[in-house]
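Coordinates in review
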Amino acid sequence: QQVSPSMATISFHQICITVLSLGLACGIIACASSSWQMSWNARGSGLFDLPNNSEGNSVKALTIIGVAFLAFGLLLEILMIVSNTFKLSKAVNLLCLVCCIIAVAGLLIGLIVYAAKFSYGGYSVWLLTASTVFAIEALFFYIIQWRCA
């Protein structure tokens, strides 16, 4: 069956790059939104305005770990598109899946700790939630791709 040149084809890798990029952007903005929140609210309500106790520091650390692994997964995904060697490698696909699992775990646990211990929050919490949702979506894509490959 011939495909018309006018038909757009979207590959699995393009979808994953889009989802990982959106998750990474939301996560970075969530981490960086503390000073932005200060301009809206005198006391601030960004992730990094949390107190320096064990819960606040856990949320900050888990968010940074989740965002870092989203970035690493995005880097591997870009390398898979650019390099034919990586594209054919099952190990790189597995590594992307593991990065996504760690990112989801970090972001989701951070969000759960935040929801359990703190009652205030601004846009950074919504961005952290969006980043977590995008990471979960990417994880489902990787699981489906891993099972079908």
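Everything numeric in this text was worked out from a predicted model, so none of it was measured.

About the cut-offs
Residues numbered from 1 in each chain as written. Predicted model: local features only at pLDDT ≥ 70, side-chain atom pairs only at ≥ 80, totals over all residues. Heavy atoms only, no water. Helix = DSSP H or I, 4+ residues; strand = E, 2+ residues; numbered from the N terminus. Expected span 1.5 Å × (residues − 1). Buried < 20%, exposed > 50% of the residue type's maximum accessible area, 1.4 Å probe, protein only. Contact = heavy atoms within 4.5 Å. Disulfide = S-S within 2.5 Å. UniProt positions renumbered as here; feature names shortened; annotations may be inferred. Core = buried A, V, L, I, M, F, W, Y, C linked by side-chain atoms within 4.5 Å. Patch = residues over 30% accessible without salt bridge, like charges linked within 9 Å, V, L, I, M, F, W, Y side chains within 5 Å. Areas by Shrake-Rupley, 256 points an atom, 1.4 Å probe, with all protein chains shown as cover. Salt bridge = Lys/Arg side-chain N within 4 Å of Asp/Glu carboxyl O. Phe/Tyr/Trp six-rings, centres within 6.5 Å; stacked < 30°, edge-to-face > 60°.

With 29 residues, helix H3 (residues 54–82) extends 42 Å from end C-alpha to end C-alpha; this agrees with the ideal 42 Å at 1.5 Å per step. Those residues of H3 not exposed but buried are Gly 56, Val 59, Lys 60, Thr 63, Gly 66, Val 67, Leu 70, Gly 73, Leu 74, Leu 76, Glu 77 and Met 80.

This next bit is on the side chain of Ser 131. By the element assignment, Ser 131 lies in helix H6 (residues 123–148). A relative accessible area of 0% places Ser 131 in the buried class. Beyond its immediate sequence surroundings of up to four residues, Ser 131 is in contact with Gly 23, Cys 26, Gly 27, Leu 70 and Leu 107.

Chemically, a disulfide is nothing more than a covalent bond linking the sulfur atoms of two cysteines. With the rule as written, the count across this model stands at zero disulfides. Cysteine Cys 96 shares no disulfide, and the gap to the nearest cysteine sulfur, in Cys 99, comes to 6.4 Å.

This part covers the UniProt feature "transmembrane region" (unreviewed entry) in the protein chain. When the UniProt feature table is mapped onto this chain numbering, "transmembrane region" (unreviewed entry) sits at residues 12–38, 58–82, 94–116 and 122–144. Between the C-alpha atoms that bound residues 58–82 there is a distance of 36 Å. The span itself is 100% helix and 0% strand. For residues 122–144, the end-to-end C-alpha separation is 34 Å, with 96% helix and 0% strand making up the annotated structure.

In this structure, Leu 70, Tyr 114 and Tyr 142 are the most contacted members of the largest nonpolar core, which totals 32 residues. For this core, the elements supplying multiple residues, two or more each, are helix H1 (12–32), H3, helix H5 (90–117) and H6. Ranked by residue count, the leading element in this core is H5, at 10 residues.

Before going further, it helps to spend a moment on a nonpolar patch on the surface. There is a patch of nonpolar side chains on the surface, built from Ile 65, Phe 72, Leu 75, Leu 79, Leu 94, Leu 95, Val 98, Ile 102 and Trp 146 and spanning about 670 Å² of accessible area. With respect to the secondary-structure elements, Leu 95 resides in helix H5. Residue Leu 95 is classed as partly exposed on the basis of its relative accessible area, which comes to 36%.

Here the structure, examined in full by the defined rule, presents one aromatic pair. Note on Phe 12 and Tyr 142: the rings are 5.7 Å apart at their centroids and 80 degrees apart in plane angle, and the pair reads as edge-to-face. Here Phe 12 is found in helix H1, whereas its partner Tyr 142 is found in helix H6, with 130 residues between them in sequence. Looking at Tyr 142, the relative accessible area reads 2%, which means it is buried.

With that out of the way, let us pick up the environment of Phe 141. Assignment of secondary structure puts Phe 141 in helix H6. The spatial distance from the C-alpha of Phe 141 to the C-alpha of Cys 16 is 7.2 Å, given a sequence separation of 125 residues. If near-sequence neighbours (up to four positions away) are discounted, Phe 141 is found in contact with Phe 12, Ile 15, Cys 16 and Val 19.

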